[in-house]
Amino acid sequence: MELVKNLSFNELYKKIFGKNVRFISDCKFFPNFDIIMKVNDISIAKNNEILIKGKTKSNKALSIGSNMHNLQFEIV
């Protein structure tokens, strides 16, 4: 598992765009966050947070912000 915050936008884009990725976090707002999705867009918000967008296997659209506490990922 790699921490999202340790990578630049370009590094993250090269590693995860178009791939099935598992994201986990121990964020207070989303305890036990653990999701797998195919990443189809990565952008930078006005507050300089990286936004990662994709769809789950059940076709649910998700957007994950890189400022989520302890956000980690792995290619699956």
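Below or above, wherever it landed, is the structure these notes cover. (Residues numbered from 1 in each chain as written. Predicted model: local features only at pLDDT ≥ 70, side-chain atom pairs only at ≥ 80, totals over all residues. Heavy atoms only, no water.)

With respect to the overall build of the chain
Okay, so step 1: Helix and strand content of the chain: 1 helix and 6 strands.
Okay, so step 2: Helices and strands appear in the chain in the N-to-C order β-α-β-β-β-β-β.
Okay, so step 3: Considered along the principal axes of its C-alpha atoms, the chain spans approximately 30 × 30 × 25 Å.
Okay, so step 4: For the chain, with 76 residues in total, the buried portion stands at 33%.
Okay, so step 5: Considering only residue pairs separated by 6 or more positions, the chain has 46% of its internal contacts joining residues 24 or more positions apart.
Okay, so step 6: Carbon together with sulfur atoms contributes 51% to the accessible area of the chain, which is approximately 5100 Å² in total.
Okay, so step 7: Of the side chains in the chain, 12 bear a positive and 7 a negative charge, and the two mean positions are spaced by 6 Å. (Helix = DSSP H or I, 4+ residues; strand = E, 2+ residues; numbered from the N terminus. Buried < 20%, exposed > 50% of the residue type's maximum accessible area, 1.4 Å probe, protein only. Contact = heavy atoms within 4.5 Å. Areas by Shrake-Rupley, 256 points an atom, 1.4 Å probe, with all protein chains shown as cover. Lys, Arg positive; Asp, Glu negative; His and termini not counted. Charge placed at Lys NZ, Arg CZ, Asp CG, Glu CD.)

Regarding the pattern of salt bridges
Okay, so step 1: Per the counting criterion, the structure on display carries 3 salt bridges.
Okay, so step 2: Between Arg 22 and Asp 34 there is a salt bridge, with the nearest N and O atoms lying 2.7 Å from each other. With Arg 22 in strand E2 (residues 20–25) and Asp 34 in strand E3 (residues 33–44), this pair connects stretches of sequence that are 12 residues apart.
Okay, so step 3: A salt bridge links Glu 74 to Arg 22; its shortest N-O distance comes to 3.2 Å. Residue Glu 74 is found in strand E6 (residues 72–75), and its partner Arg 22 is found in strand E2; the two are separated by 52 residues along the sequence.
Okay, so step 4: Judged by relative accessible area, which is 28%, Glu 74 ranks as partly exposed.
Okay, so step 5: On the basis of relative accessible area, Arg 22 is assigned to the partly exposed category, the value being 25%.
Okay, so step 6: Within the structure, one salt-bridge network assembled from shared partners comprises Arg 22, Asp 34 and Glu 74. (Salt bridge = Lys/Arg side-chain N within 4 Å of Asp/Glu carboxyl O.)

Let's talk about the sheet that holds strand E1 (residues 2–3)
Okay, so step 1: In spatial order, the strands read E1-E6-E2-E3-E4-E5; together these 6 strands make up an open sheet with antiparallel pairing. Strand pairing shows two members of the sheet lacking a second neighbour, E1 and strand E5 (61–65), which therefore form its edges.
Okay, so step 2: Bridging between strand E4 (residues 50–55) and E5 involves 5 bridges; their strand directions are antiparallel. Within E5, the residue paired with Lys 53 across the bridge is Ser 63. (Pairing = 2+ DSSP bridges.)

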